[in-house]
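# Overview (structure and organization)
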Amino acid sequence: SIVGKRYRTDYHFQPPKNWINDPCGSMYYNGVYHEFYQYNPNGSYNPNISYNIVWGHSVSMDLINWINLEPAIEPDTPSDISGCWTGSATILSGDQPIIIYTGLLDIQKHQVQNIALPKNRSDPYLREWTKAHNNPVIQPVVPGLNSSQFRDPTTGWIGPDGLWRIAVGAELNGYSAALLYKSEDFLNWTRVEHPLYSSNSSNMWECLDFFAVLPGSGGGLDLSSAIPNGAKHVLKVSMNCTDDMYMIGVYDLKRDAFVPDTVLDDSRLWPRIDYGNFYASKSFFDSKHGRRIIWAWSSETDSSSDDVAKGWAGIHSIPRTIWLDSHGKQLLQWPVEEIESLRTNEINHQALELKKGDLFEIKGIETLQADVEIDFELTSINDADPFDPSWLFDTEKHCREAGASVHGGIGPFGFVILASDNMEEHTDVHFRVYKSQQNYMVLMCSDLRRSSLRPGLYTPAYGGFFEFDFEKERKISLRTLI
Ligand code: DQQ
């Protein structure tokens, strides 16, 4: 039976029951990690595209063990009566946590921005939240603004004039914009005439995230503290319900605007935080460990009727530390190290030699949870097939065409997961190496197409390319949390 505990996650975050989507307002405050999330209190189904959705709330001391609490923010005032949508938390000076979120005014989904504050800051879990008297604090009064496309305010940051700033995603005269607002007290907001950034090359941006990173440093930065010289800024946008894209650039203080290092007209070529099932990501600065953590919603792949039967739908990805590579070009991520404390019963294999067609079975794992690290070392790369740059426009298509059974010059090589004895069901993660003009390009696919024989599931093949310098390094490392 699919009902029951067997397929509930152990590594990933989920509340005891019901539907969840976006992470909202993640923060570390006073020794406690808070995770809020879009939550349907009434069941494990999508509440009519988030109509009437609430902010669920869980807390943790270690990002692994979570205590589930009552919902923190529910639709009960005129400015959020049809739903409390995604938003962010900011910690104001004087140690004051504050949440800004999108409220839905009606079933036409007209949107405004609201504030909520903890009722009692001495409650270590900040269980109860009150709404500001002057909600909505931001109304969609901007010429050309589509008021049903105006949402998901960012965490605030302080500018050189000492004023708070936030950005809100919006569709403005057919453009996607990160509208910029300023405030002295986080309660009264004025719009800055120009957006933080805007573009006509993609659909409306949801769940904006704006943060600073220092190239080559694993440490995180708090956008409201002094930002060191050489730091870069990242604007992350979520679009099409599937893609979390980002741009690296600088925050020009004089113009109060984000200036990307590279502007790519075709948004399909923008780098992505993750090429798998990872949407509506949100990062926060973890002052306990001086790192930036990001996580996202991984939507359910079961059918809606199976979701109702099993009583839950959707998980959050493992929290990851995120930083910028030393060239300042690409964000890097790794599961938070706390997750390693769950490792027991180690199984170790070394120096395995795999030839074309070989399959090596890892035996001795009796549970459905495993934390697997594999280093693939390539003996030669001479046979790499030529890379075709047009594949970058649709990497999922390329993964479908170049599936694990299609042999190439170098690859596929990889990992087969949750395979049934006769291999009728299995999920595979595999790589292929291609030679491009300047370098090597590696394709990584995560192919779910044969993950289940059950009908009605969402079983895509995900994929992404990354550049790799095989002159320097012959090893590709894969970490898999099952
Ligand atoms: N989900 C929320 C919106 C957001 C979308 C509603 C992204 O605020 O834009 O549940 O998944």
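Overview of the structure.

Reading the values: rules and limits
Residues numbered from 1 in each chain as written. Predicted model: local features only at pLDDT ≥ 70, side-chain atom pairs only at ≥ 80, totals over all residues. Heavy atoms only, no water. Helix = DSSP H or I, 4+ residues; strand = E, 2+ residues; numbered from the N terminus. Buried < 20%, exposed > 50% of the residue type's maximum accessible area, 1.4 Å probe, protein only. Phe/Tyr/Trp six-rings, centres within 6.5 Å; stacked < 30°, edge-to-face > 60°. Disulfide = S-S within 2.5 Å. Near = heavy atom within 4 Å. Polar contact = N/O pair within 3.5 Å; in protein donor to acceptor, adjacent residues only side chain to side chain. Areas by Shrake-Rupley, 256 points an atom, 1.4 Å probe, with all protein chains shown as cover. 1 Å grid on protein atoms, 1.4 Å probe; cavity = no way out; pocket = protein on both sides within 12 Å on 5 of 7 lines; lining within 4 Å. Sits in = over half its atoms within 2 Å of the grid points. Pairing = 2+ DSSP bridges.

### Re unusual backbone geometry
For the bond running from Asn-135 to Pro-136, omega is -5°, close enough to zero to count as cis. Tracing the chain through its elements places Pro-136 in the loop between β8 (129-131) and β9 (145-151). A cis amide bond links Gly-411 with the next residue in sequence, Pro-412, at an omega value of 5°. Here Pro-412 shows up in strand β27 (residues 410-417). You will see that Ala-280, though not glycine, has its phi angle at about 60°, which is positive. As for its placement among the helices and strands, Ala-280 is situated in strand β19 (residues 279-286). By relative accessible area, which is 0% here, Ala-280 ends up buried. Positive phi values are uncommon outside glycine, yet Ala-351 reaches one of about 50°. Within the secondary structure, Ala-351 is located in the loop between β24 (331-335) and β25 (371-377).

### Examining the packing of aromatic side chains
Counted according to the given criterion, the structure contains 31 aromatic pairs. Through a chain of ring-to-ring contacts, the aromatic side chains of Trp-157, Tyr-197, Trp-205, Phe-210, Tyr-251 and Phe-258 assemble into a single cluster.

### Some remarks on the state of the cysteines
According to the stated counting rule, one finds one disulfide in the structure shown. Cys-84 takes part in no disulfide bond, and the closest cysteine sulfur, belonging to Cys-24, lies 9.8 Å away. For the unlinked cysteine Cys-207, the closest cysteine sulfur is that of Cys-24, found at 7.5 Å.

### Section: the site of the ligand
All residues adjacent to the ligand are Asn-21, Asp-22, Gln-38, Ser-50, Trp-85, Thr-86, Arg-151, Asp-152, Glu-206, Cys-207, Tyr-279 and Trp-297. In this structure, an oxygen atom belonging to the ligand sits 3.2 Å away from a main-chain N or O atom of Thr-86. Here Glu-206 contributes a side-chain N or O atom positioned 3.0 Å from an oxygen atom of the ligand. In the complex, 94% of the free accessible area of the ligand, which totals 310 Å², lies under the protein chains. Taken atom by atom, the bulk of the ligand overlaps the second largest pocket. At the level of secondary structure, the elements contributing two or more residues to the shell around the ligand comprise β1 (18-29), β5 (84-92) and β15 (206-213).

### What to know about the pairing of β19
With seven of its eight residues buried, β19 lies for the most part within the structure. Where β19 and strand β20 (residues 291-298) come together, six bridges link them in antiparallel fashion. Among the inter-strand pairings, Phe-284 is bridged to a residue of β20, identified as Ile-293. Count of turn residues in the β19/β20 antiparallel hairpin: four residues, of which Gly-290 carries a positive phi of about 60°.

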